Amino acid sequence: MLISVVVPVPALQELTYDVPDDQPPPTVGARVVVPLGTRLVTGIVAACDVSLPPDVSRGSVRPVARVLDREAFVPADVVALARWTADYYGAGAGATVTAVLPPLSREARSDAHKTRRRAVITQTGAAALSGGVRVSGSRSDAGPGRLVSLTSKQTEALRLIESAPAGVPVADLARQGVGSQLIARLARQNLVTVHLERVERDPFDASPFSAPPVEPGRRLTPAQAVALDRLTHLSAAGRFRVALLHGVTGSGKTEVYLRLAAEVRRAGRGVLMLVPEIALTPAVAAIFREAFGREVAVQHSGLSAGERHDQWQRIRAGEVDVVVGTRSAVFAPLARVGLIIVDEEHDGSYKQDESPRYNGRDVAIVRGRSNEALVVLGSATPSLESYHHAVTGRYEHLVLDRRVHDRPLAAVTIVDMRAEYAAEGPEVIFSRTLRDAIETRLERNEQALILLNRRGFSTAVFCRQCAGTVDCPNCSVSLVVHGEGSAKRARCHYCNHSVRVPQACLLCGAGYLEQSGVGTEQVEAHLRTLFPAARIARVDRDAIRRRGVLQSLLTRFRDGGLDVLVGTQMIAKGHDFPAVTLVGVISADVGLGMADFRAAERTFQLLTQVAGRAGRGDRKGEAIVQTLYPDHYSIQFACVQDYPGFYDRELQFRRAMRYPPVLSLINTVVRAKTFVGAMADATALVVRLRAADPDEESFAVLGPAPAPLARLRGEFRVQFLVKGRDRRRMREALEAALATRPDVSKRTMVDVDPVSVL
Ligand code: ADP
Ligand code: ZN
């Protein structure tokens, strides 16, 4: 019998093998050991009894070496879901199976166990740092007891490593500008040692909070009761349906999820709960764990391979009937799925930014359809797509438009920074309004969140004489300054290239370099000078590199050990901090300048979400939003928390520009060593695409043109967009064009339903 097999090799599509008669009959989802080149690998049966593909000769089909399972190892519906994902997103079957399934077996991948290297300072290293510098003859023979001379780079690296008693992961050091060669040199000099460690975590380790105790007797608000009633009714019907639970921040959506999940479990069906990021949406995961105890399994990419595997096996064995996890949990081997909840469904992190570029929310809907399940999409700021489906009746639309206990939404004040600059000069970071508001909070012992969605100290260095900027040599972006004093460096946020901040302009030699563009580090520093007595901390990707830091910061803030938390969008998400009465937004404009069709939508979502963090306790909340565009509709509507108003306005724009949800979109980026090469390759693809639909009956092609990020890691990038109503035809035409140029295909990124076209 011929079968189709997916092997976990990213570049490969499904392969055809023959099952000899002496082997047990295979089933879809069973593991099979198959020859691949000169190796044997473990794959999954994708389909049985297939016919010979037209481009394969019968003689070239090799036999399966062994059928490992009598029954499906991966449930058949999950195999079907993975195949759908590979097809829909134009990703290889191999890439998809690698991404969505747990490490298959030892033969499958050598990196199944996640390990990392950690550098730890030695006694010699510590001694060398603490001063007594004696010049040693050779670099490699510095034994214990002999001190060596250190370059400033080495000193800097050793200080970093010394700062953590348990050492620092080498990958983290690389991100801070300490390369592996430097570490290798330090290791040769016996100044540091490098350990290989296996990454292991408790699944709930990343969740900073224990859940508040469940109060079973708690009375639902009238709106919660209506929503729960309707959802329970829908789930009891045992049919596929999608419902949008559109509830303002603090309206108690989690309580609705919890009770609905309990109902579905009672009815003997499984519950899948998707959250954007476990570490940033801690409450939901913790609350589910609290409510369902050991019956909950967790699936997210932060788990070690071994742990993910264990959790996966528990789900597979039917030991749990509730799974909480990030986007890949949509492929969890849970049986009899009756309910899939997608919390914060608008969140961009549901979209995977590498192949397969799937959107966990959309795959959840497909799974819901095949499992005859109810899919609940929850958000205070639904994506335009989901809301569009809700108002056009395709989805059930449930609204929670009040906060629990009728707490008022935060009152929002817009500060026009143009006026502020005119009055106070262009260096102003905190307007007078915001400064006063923070001061009042400190006096009253209340807490404040300060948001700026841009990390680093300054976001550019430029020359006052020639206006030249200090750019990344590999990418078309300017370098971002991090740190102050001796730790100051300019770094590329895309490729991590990092240099000392130059003293003079690299273009004209003038010594008038200035830094511009404020990032979170500068906000934090400035805040410390304004309020020296305040307890301040910062949460952004740089600040929370070390494991456990995020958790301890959030816990400290929640327990009142901090007054002000400065951060990027990480602090805007679903946290519930009852003592926060002020949210300050340093600049609402960060996202608006981006050449992306979702710029306004993202700005609206961020502002609404962050304003939603204020006033969740007994005291009223206030938000202060600084902007140079006080009249922009995304800012205006966010300030009055008018989602329908925003939707109508934004939909006009999408209609006029023909963007989703009005049309479907595929973003395509071709990479090449030269710009001319990238342009020529992209043009060849576009010509073929246009020839496939000359009258633009099902789609139109925009471009090719240099991508917004025109150079990345030394490669040039040229972009084109395919827009149309018929996604299938668009994909097929694109695949046909790519098939004529396999060389170009390898350098082409295809993103179906992109969340961003940058
Ligand atoms: P959302 O996710 O909609 O922003 P949450 O689910 O975080 O809102 O709920 C906000 C707060 O209200 C939480 O502290 C939650 O425990 C509380 N809460 C939710 N429902 C009720 C209720 N029916 N009675 C009292 N408190 C509630
Ligand atoms: Zn770069």
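Given the structure is predicted, the values throughout are model-derived calculations rather than measurements.

Notes on the packing of helix α12 (residues 384–391) against helix α19 (residues 643–657)
If you want to describe how two helices pack, look at the angle between their axes and the distance between the axes.
Logical step 1: Taken N-terminus to C-terminus, the directions of α12 and α19 make an angle of 105°; their axes are 11 Å apart at the nearest point. Classified by the angle their axes make, α12 and α19 are roughly perpendicular. Contacts between α12 and α19 pair Leu384, Tyr387, His388 and Val391 from the former with Tyr643, Pro644, Phe646, Tyr647, Glu650, Leu651 and Arg654 from the latter.
Logical step 2: Among the residues making up the contact of α12 with α19, the classes are represented as eight nonpolar, one polar and two charged.

Digging into empty space enclosed by the protein
Logical step 1: Summed over all chains, the structure comprises three cavities of 30 Å³ or more.
Logical step 2: As a volume, the largest cavity reaches approximately 100 Å³.
Logical step 3: Elements with a minimum of two residues in the lining of the largest cavity: β4 (39–48), α1 (76–88) and α2 (93–100).
Logical step 4: Here the lining of the largest cavity gets five residues from one element, more than from any other, and that element is α1.
Logical step 5: Space inside the second largest cavity adds up to approximately 40 Å³.
Logical step 6: In terms of lining, the second largest cavity is formed by Lys153, Glu156, Ala157, Gln176, Gly177, Val178, Leu182 and Arg489.
Logical step 7: Counting residues per element, the lining of the second largest cavity draws most heavily on helix α4 (residues 152–162), which supplies three residues.

Quick notes on the site of ligand 1
Logical step 1: Near ligand 1 you find 17 residues, and of these Arg219, Gln224, Gly250, Lys253 and Asp576 are the closest.
Logical step 2: Here an oxygen atom of ligand 1 sits 2.6 Å away from a polar atom, N or O, in the main chain of Gly250.
Logical step 3: At a separation of 3.1 Å, an oxygen atom of ligand 1 approaches a polar side-chain atom of Arg616.
Logical step 4: When the free accessible area of ligand 1 is taken as 560 Å², the share hidden by the protein chains comes to 81%.
Logical step 5: Looking at the shell around ligand 1, the element that brings in the most residues is helix α8 (residues 253–266), giving three residues.
Logical step 6: Among the residues forming the shell around ligand 1, the class breakdown is three nonpolar, eight polar and six charged.

Some words on the packing of helix α7 (residues 222–236) against α8
Logical step 1: Two elements in contact, α7 and α8, have axes whose closest approach is 10 Å; the angle formed by their N-to-C orientations is 30°. Relative to α8, the element α7 is oriented roughly parallel. Where α7 crosses over α8, the two elements pack in a sense that is right-handed. Across from Gln224, Leu228, Leu231, Thr232 and Ser235 in α7, the residues of α8 making contact are Glu255, Val256, Arg259, Leu260, Glu263 and Val264.
Logical step 2: The class makeup of the residues in the contact of α7 with α8 is five nonpolar, three polar and three charged.

Thoughts on α2
Logical step 1: Of all eight residues making up α2, six are buried, and the element is well covered by its neighbours.
Logical step 2: Those residues of α2 that fall on the buried side of the exposure criterion are Ala93, Gly94, Ala95, Thr96, Val97 and Val100.
Logical step 3: Looking at the buried side of α2, the elements it contacts are β1 (2–6) and α1.

A look at the environment of Phe462
Logical step 1: Note on placement: Phe462 falls in strand β18 (residues 458–463).
Logical step 2: The exposure class assigned to Phe462 is partly exposed, which follows from its relative accessible area of 25%.
Logical step 3: Between the alpha carbons of Phe462 and Ala76 there is a distance of 58 Å; along the sequence they are 386 residues apart.
Logical step 4: If near-sequence neighbours (up to four positions away) are discounted, Phe462 is found in contact with Gly468, Thr469, Tyr512, Leu513, Glu514 and Ser516.

Structural notes on unusual backbone geometry
Logical step 1: A cis amide bond links Ser355 to the next residue, Pro356, at an omega of -5°.
Logical step 2: Within the fold, Pro356 resides in the loop between β13 (337–343) and α11 (360–370).
Logical step 3: Residue Gly703 is joined to Pro704 through a cis peptide bond whose omega torsion reads 10°.
Logical step 4: With respect to the helices and strands, the residue Pro704 is situated in strand β28 (residues 699–712).

Description of the state of the cysteines
Logical step 1: A complete count under the given rule lists zero disulfides for this structure.
Logical step 2: Of the cysteine sulfurs around Cys466, a residue in no disulfide, the closest is that of Cys505, at 3.6 Å.

Thoughts on the coordination of the zinc ion (ligand 2)
For a metal with four tetrahedral donors the ideal donor-metal-donor angle is 109.5 degrees, while six octahedral donors give ideal angles of 90 or 180 degrees.
Logical step 1: Within the first shell, the zinc ion (ligand 2) binds the protein through Cys472 (SG), Cys475 (SG), Cys492 (SG) and Cys495 (SG), at distances of 2.2 to 2.4 Å.
Logical step 2: Here the zinc ion (ligand 2) binds four donor atoms, and the angle range of 101 to 113° at the metal identifies the geometry as tetrahedral.
Logical step 3: Sequence spacing of the donor residues for the zinc ion (ligand 2), all on one chain, is C-x2-C-x16-C-x2-C. Here Cys472, found in the loop between β18 and β19 (480–482), pairs with Cys492, found in the loop between β20 (489–491) and β21 (498–500); they are 20 residues apart in sequence, far enough to count as distant. Cys492 carries the same exposure label as Cys472, and that label is buried.

Here's the deal with the pattern of salt bridges
Logical step 1: Counting across every chain of the model gives 47 salt bridges.
Logical step 2: One salt bridge in this structure joins Glu524 and Arg528, with 2.6 Å as the shortest N-O distance. Of the two residues, Glu524 and Arg528 both sit in helix α15 (residues 520–530), four residues apart, roughly one turn of that helix.
Logical step 3: A relative accessible area of 13% means that Glu524 is categorised as buried.
Logical step 4: For Arg528, a relative accessible area of 38% puts it in the partly exposed group.
Logical step 5: Taking the shortest distance from any N to any O, the salt bridge between Arg741 and Asp743 comes out at 3.3 Å.
Logical step 6: Here Arg741 falls in the partly exposed class, since its relative accessible area comes to 26%.
Logical step 7: With relative accessibility at 38%, the residue Asp743 sits in the partly exposed group.

Side note on the pairing of β1
Logical step 1: Buried residues dominate β1, accounting for five of its five residues.
Logical step 2: By the alternation rule, side chains of β1 split into Leu2, Ser4 and Val6 and Ile3 and Val5, which are all buried.
Logical step 3: The pairing of β1 with strand β2 (residues 15–18) spans four bridges and is classified as antiparallel. By the bridge assignment, Val5 is partnered in β2 with Leu15.
Logical step 4: Alignment of β1 against β4, held across four bridges, turns out to be antiparallel. From the neighbouring strand, Val5 faces β4, where its bridge partner is Val45.

Considerations on the environment of Arg241
Logical step 1: Its location among the elements puts Arg241 in strand β9 (residues 241–247).
Logical step 2: Judged by its relative accessible area of 27%, Arg241 falls in the partly exposed class.
Logical step 3: Between the C-alpha atoms of Arg241 and Arg394, which are 153 residues apart in sequence, the distance is 9.0 Å.
Logical step 4: When neighbours within four sequence positions are excluded, Arg241 is seen to be in contact with Leu234, Ala373, Leu374, Val375, Gly393, Arg394, Tyr395 and Glu396.
Logical step 5: In terms of polar contacts, Arg241 uses its side chain to reach the backbone carbonyl oxygen of Arg394, at 3.1 Å.

Analysis parameters
Residues numbered from 1 in each chain as written. Chains lettered and ligands numbered in written order. Predicted model: local features only at pLDDT ≥ 70, side-chain atom pairs only at ≥ 80, totals over all residues. Heavy atoms only, no water. Axes fitted to C-alpha atoms, helices over the stretch in contact; angles between N-to-C directions. Helix = DSSP H or I, 4+ residues; strand = E, 2+ residues; numbered from the N terminus. Parallel < 35°, antiparallel > 145°, perpendicular 65-115°, else oblique. Contact = heavy atoms within 4.5 Å. Nonpolar A, V, L, I, M, F, W, Y, C, P; charged D, E, K, R; others polar. 1 Å grid on protein atoms, 1.4 Å probe; cavity = no way out; pocket = protein on both sides within 12 Å on 5 of 7 lines; lining within 4 Å. Points joined across faces, edges and corners; volume = space filled by probe spheres on them. Near = heavy atom within 4 Å. Polar contact = N/O pair within 3.5 Å; in protein donor to acceptor, adjacent residues only side chain to side chain. Areas by Shrake-Rupley, 256 points an atom, 1.4 Å probe, with all protein chains shown as cover. Left-handed = near helix turned anticlockwise from the far one by under 90°. Buried < 20%, exposed > 50% of the residue type's maximum accessible area, 1.4 Å probe, protein only. Disulfide = S-S within 2.5 Å. Donors = N, O, S within 2.8 Å, 3.2 Å for Na, K, Ca; no water. Tetrahedral: all angles 85-135°; square planar, octahedral: opposite > 155°, others 65-115°. Salt bridge = Lys/Arg side-chain N within 4 Å of Asp/Glu carboxyl O. Pairing = 2+ DSSP bridges.

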